[in-house]
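Examining the three-dimensional arrangement
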Amino acid sequence: MAAQNTVSETVSETILVFDSGLGGLTVHREIAAVRPSADFVYVADDLAFPYGAMEEPALVARVVALMGELIATYRPDLVVIACNTASTIALPDLRKNFSLPFVGTVPAIKPACAASLTRRVSVLGTEATVKREYTHALIRDYAGDCQVTLVGSNKLAVYAEAELAGRSVADAMLTPELAPCFRDDGARTDTVVLACTHYPLIVARLRRLAPWPVSFLDPAPAIARRVADLLGSPPSPTRPGATRAVFTSGHAPTAVLARFGIRAEHPAPTAAT
Ligand code: DGL
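Here the residue index of a chain counts from 1 through its sequence in written order. For this predicted model, a pLDDT threshold of at least 70 governs which residues receive local features, and a threshold of 80 or more governs which side-chain atom pairs are given and counted, while totals over whole chains, interfaces and linings are taken from all residues. Side-chain measures were taken over the full set of non-hydrogen atoms in the model, leaving aside hydrogen atoms and water.

**Things to note about the site of the ligand**
Note on terminology: near, applied to a residue and a molecule or strand, indicates that one of the residue's heavy atoms is within 4 Å of it. Around the ligand lies a shell of 14 residues, among which Ser20, Tyr51, Thr85, Thr197 and His198 are the nearest. Measuring from an oxygen atom of the ligand, one finds a side-chain N or O atom of Ser20 at 2.6 Å. Here a polar contact is taken to be a pair of N or O atoms separated by no more than 3.5 Å, where protein atoms must pair a possible hydrogen donor with a possible acceptor and residues adjacent in sequence count only if both atoms sit in side chains. The side chain of His198 places a nitrogen or oxygen atom 2.8 Å from a nitrogen atom of the ligand. When the ligand is considered free in solution it has 300 Å² of accessible area, and contact with the protein chains removes 99% of it. Here the term charged refers only to Asp, Glu, Lys and Arg, the term nonpolar to Ala, Val, Leu, Ile, Met, Phe, Trp, Tyr, Cys and Pro, and the term polar to all other amino acids, Gly among them. Along the lines of polarity and charge, the residues of the shell around the ligand split into six nonpolar, seven polar and one charged. Areas reported here follow the Shrake-Rupley algorithm with a probe of radius 1.4 Å; residue values treat only the protein chains shown as occluding.

Pasting the structure below:
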């Protein structure tokens, strides 16, 4: 955990936020808002993006190997796996291999089903996330009398990255990915779980393309609260924290990162390349 404060020096805590690409920025910004004095290392394994297209054993091996190098290099106090596709398969192996706390990002099925008035909830994630046993178990455990529709997209995360990079994605490409979320069997879907951290990046577009208003549930604020709980009181005296970014391709999108107040760092780690 974070070093103890002494009278003479400012101490800090370091949080490592990990995703396959830019989606974890939606989680990072929420954590940074509740933990403004923390230092962050934002890691995008963009060399392997999208994780949704990877076989499970290869994904687990890659994430565990890369994490070993990242922990040795940056010595974080806590790691956030800001990726549903990785969290729903790799968290047990990460916790087995490393002793520091890991916070995962998994589909917010429990709060969605608790809040739904029509008892119709859709879960929009990568094809991999909606296929995972972890996701199916969340439905068994928490859906209750809610009907849950799983909608897998292998394109939306790529579209979100393109939008962020300034390459506009036409409505006609987004609509078919979103449309299956909207079910009407006499009762209409009223809640869509954003089960991929990339999707909040384009939630304004999704909201505009929705055939009727729904609540799009982004779990990032809850993840931020969980991180703050685990870390306890921030060390003091404090000073504003800083975030640096590491992209495994070595090609960080500096202009995009600057919009999030983040500077890129080189060289990137070489593990699992
Ligand atoms: N951001 C990742 C997630 O939350 C998915 C993107 C990918 O396929 O790499 O699932």
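**Examining the side chain of Ser122**
Within the secondary structure, Ser122 is located in strand S5 (residues 120-125). Contact definition: two residues touch when any of their heavy atoms are within 4.5 Å. If near-sequence neighbours (up to four positions away) are discounted, Ser122 is found in contact with Thr149, Cys181, Thr189, Thr191, Val192 and Val193. The helix count covers DSSP runs of H or I at least four residues long, the strand count covers runs of E at least two residues long, and both are numbered beginning at the N terminus.

**Overview of the confidence of the model for the protein**
Per-chain confidence: the protein averages 93 in pLDDT, with 92% of residues scoring 70 or above. As a per-residue measure, pLDDT tells how confident the predictor is, with possible values from 0 to 100. Ignoring residues within four places in sequence, the model shows residues 1-8, a span with pLDDT below 50, making 15 contacts including any to other chains.

**Points about the sheet that holds strand S6 (residues 147-152)**
Strand pairing is assigned whenever DSSP identifies at least 2 bridges connecting the two strands. Reading across from one edge, S6-S5-S7-S8 is the order of the four strands in this open sheet, with parallel pairing throughout. Edge positions in the open sheet fall to S6 and strand S8 (215-217), since each of these has one partner strand only. Strand after strand, the sheet turns through a mean of 20 degrees between neighbouring axes, direction not considered. With five bridges joining them, S5 and strand S7 (residues 191-195) adopt parallel strand pairing. Pairing of Gly125 across the sheet is with Ala195, part of S7. Fitted lines through C-alpha atoms serve as axes, helices being fitted only where they are in contact, and the angles separating the N-to-C directions of these axes extend from 0 to 180 degrees.

**Quick notes on the nonpolar core**
Note on soluble globular proteins: their nonpolar side chains tend to be buried together. For the purposes of this section, nonpolar cores are sets of buried Ala, Val, Leu, Ile, Met, Phe, Trp, Tyr and Cys residues that join through side-chain atoms within 4.5 Å. Exposure classes here rest on a 1.4 Å probe applied to the protein chains alone. A residue is buried below 20% of its type maximum, exposed above 50%, and partly exposed in between. Counting residues in hydrophobic clusters, the biggest one holds 27 residues, and the most contacted among them are Ile15, Val17, Ile31, Val80, Val227 and Phe247. Listing elements by their share of this core, those giving two or more residues are strand S1 (14-19), helix H1 (25-34), strand S2 (39-44), strand S3 (78-81), helix H10 (220-231), strand S9 (243-247) and helix H11 (254-259). Top element by residues in this core is H10. It accounts for five residues. Ranked by size, the runner-up nonpolar core spans 26 residues in total, among them Val43, Leu59, Phe98 and Phe102.

**Some details on the pattern of salt bridges**
Any Lys or Arg side-chain nitrogen found within 4 Å of a carboxyl oxygen on Asp or Glu counts as a salt bridge. Taken as a whole, this structure holds 13 salt bridges when the rule is applied. One salt bridge in this structure joins Asp171 and Arg205, with 2.6 Å as the shortest N-O distance. With Asp171 in helix H8 (residues 171-178) and Arg205 in helix H9 (residues 203-209), this pair connects stretches of sequence that are 34 residues apart. A salt bridge links Arg188 to Asp184, with the shortest nitrogen-to-oxygen separation between them at 3.4 Å. Take Arg188: its relative accessible area is 40%, and that puts it in the partly exposed class. Because the salt bridges share partners, they merge into one network encompassing Glu163, Asp171, Arg205 and Arg208.

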